[in-house]
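So the chains spell out like this:
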Amino acid sequence: MSSYKNIAVLTARKAGILLKNKLGQRRKVAYKGAVNLVTEMDLLAEKVIVSIISRHYPNHNILAEEKTTRQRNSPFRWIIDPLDGTTNYAHGYPTFCVSIALEKEGKIILGVVYDPMRDELFLAERKKGARLNGKKIHVSSTSKLSLSLLATGFPYDLRESRVNNFDHFHNFALRVHAVRRAGSAALDLCYVAAGRFDGFWEMKLGPWDLAAGSLMVREAGGKFTDFSGKSLGLDGQRVLASNGKIHREMIEVLKMGRI
Ligand code: IPD
Ligand code: CA
Ligand code: CA
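Residues numbered from 1 in each chain as written. Chains lettered and ligands numbered in written order. Predicted model: local features only at pLDDT ≥ 70, side-chain atom pairs only at ≥ 80, totals over all residues. Heavy atoms only, no water.

1. Concerning the layout of surface pockets
Of the pockets and cavities examined, the largest pocket occupies roughly 590 Å³. When residues of the lining of the largest pocket are traced back to their parent elements, those giving at least two are strand S2 (36-39), strand S5 (76-84), helix H3 (86-90), helix H5 (185-193), strand S13 (199-205) and helix H6 (207-219). Broken down by element, the lining of the largest pocket gets its largest block of residues, four residues, from S13. Tallied by class, the residues present in the lining of the largest pocket amount to 13 nonpolar, eight polar and 11 charged. What the second largest pocket holds in volume is close to 210 Å³. (1 Å grid on protein atoms, 1.4 Å probe; cavity = no way out; pocket = protein on both sides within 12 Å on 5 of 7 lines; lining within 4 Å. Points joined across faces, edges and corners; volume = space filled by probe spheres on them. Helix = DSSP H or I, 4+ residues; strand = E, 2+ residues; numbered from the N terminus. Nonpolar A, V, L, I, M, F, W, Y, C, P; charged D, E, K, R; others polar.)

Next up, the structure:
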């Protein structure tokens, strides 16, 4: 495991620093949907990550957001978001990260999320806890929804679909201290793990948004489920993560909206 860990950390740092160094420059933006952006830096970061991982583990499977799907006969699969927070990045807004997870036989065993702007490296290993820059992290102890700080995001099809999270946002905003929409789901999950957010919900996420962050939340003592509280894999349709203590109350609020 430790060599997987070292490679994942080294790779996330390398891609993150590359992104940081180019932040604020003029971007070539292409559109995957009306508001779903991809820049040349998403592609470059993915290329860097995939080439390092392929060099070390040529027989492993890979699922990366932008282009790379490699299917070998291996129990291992790397799940990669080379740049989580592309819209922020394209506008020079300094909140984004690199997310790399390793799955073995369908279970996430390692998650690394690197925020190069704050030089924060989140690391989770299955059954070994979660760490931020080497120090153990734990979810918050907030026990009431009304005292919580939450995070969420909105799906890219928000102009076309009525399942766009505005109803849930409204319902939560009236019941908590505040709701943040920072623009990086992987970092949002790490912030739940670190106790900075008490809870997070979002709809229509991809496996690369969740893979590392889900392990982070669980290993930090939190809960990661669907909107009804059922244990969740990498199906990002309805994701609910929290410190565990406010989970039930969050489920009740989600029931009031369109799901
Ligand atoms: C997006 C971010 C955002 C979330 C979107 C994701 P991307 O990932 O995580 O916070 O609201 O749903 O798709 O496109 O920047 O990698
Ligand atoms: Ca993403
Ligand atoms: Ca991305």
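Further notes follow.
2. Thoughts on unusual backbone geometry
For Glu105, which is not glycine, the phi torsion reads 50 degrees and is therefore positive. Residue placement: Glu105 occurs in the loop between strand S6 (97-104) and strand S7 (107-115).

3. Side note on the pairing of S2
Residues of S2 alternate between two faces, with Asn36 and Val38 on one and Leu37 and Thr39 on the opposite face, all of them buried. Of the pairings in the sheet, the one linking strand S1 (residues 29-33) to S2 comprises four bridges and is antiparallel in character. Within the sheet, the bridge partner assigned to Ala30 lies in S2 and is Val38. (Buried < 20%, exposed > 50% of the residue type's maximum accessible area, 1.4 Å probe, protein only. Pairing = 2+ DSSP bridges.)

4. Focus: the sheet that holds strand S3 (residues 61-64)
What the eight strands build is an open sheet, ordered S4-S3-S5-S6-S7-S8-S9-S10; its pairing is mixed. The sheet terminates laterally at strand S4 (69-70) and strand S10 (135-136), the two strands that pair on one side only. Bridge count between S7 and strand S8 (residues 120-125): six bridges; the pairing is antiparallel. Following the sheet pairing, Asp115 is matched in S8 by Glu120. On top of the sheet, helix H2 (residues 40-56) reaches S3, S4, S5 and S6; it is set at about 155 degrees to S5, its chief contact. Here H6 sits on the sheet and contacts S3, S5, S6, S7, S8 and strand S9 (129-132); the angle it forms with S7, its principal contact strand, is near 100 degrees. (Contact = heavy atoms within 4.5 Å. Axes fitted to C-alpha atoms, helices over the stretch in contact; angles between N-to-C directions.)

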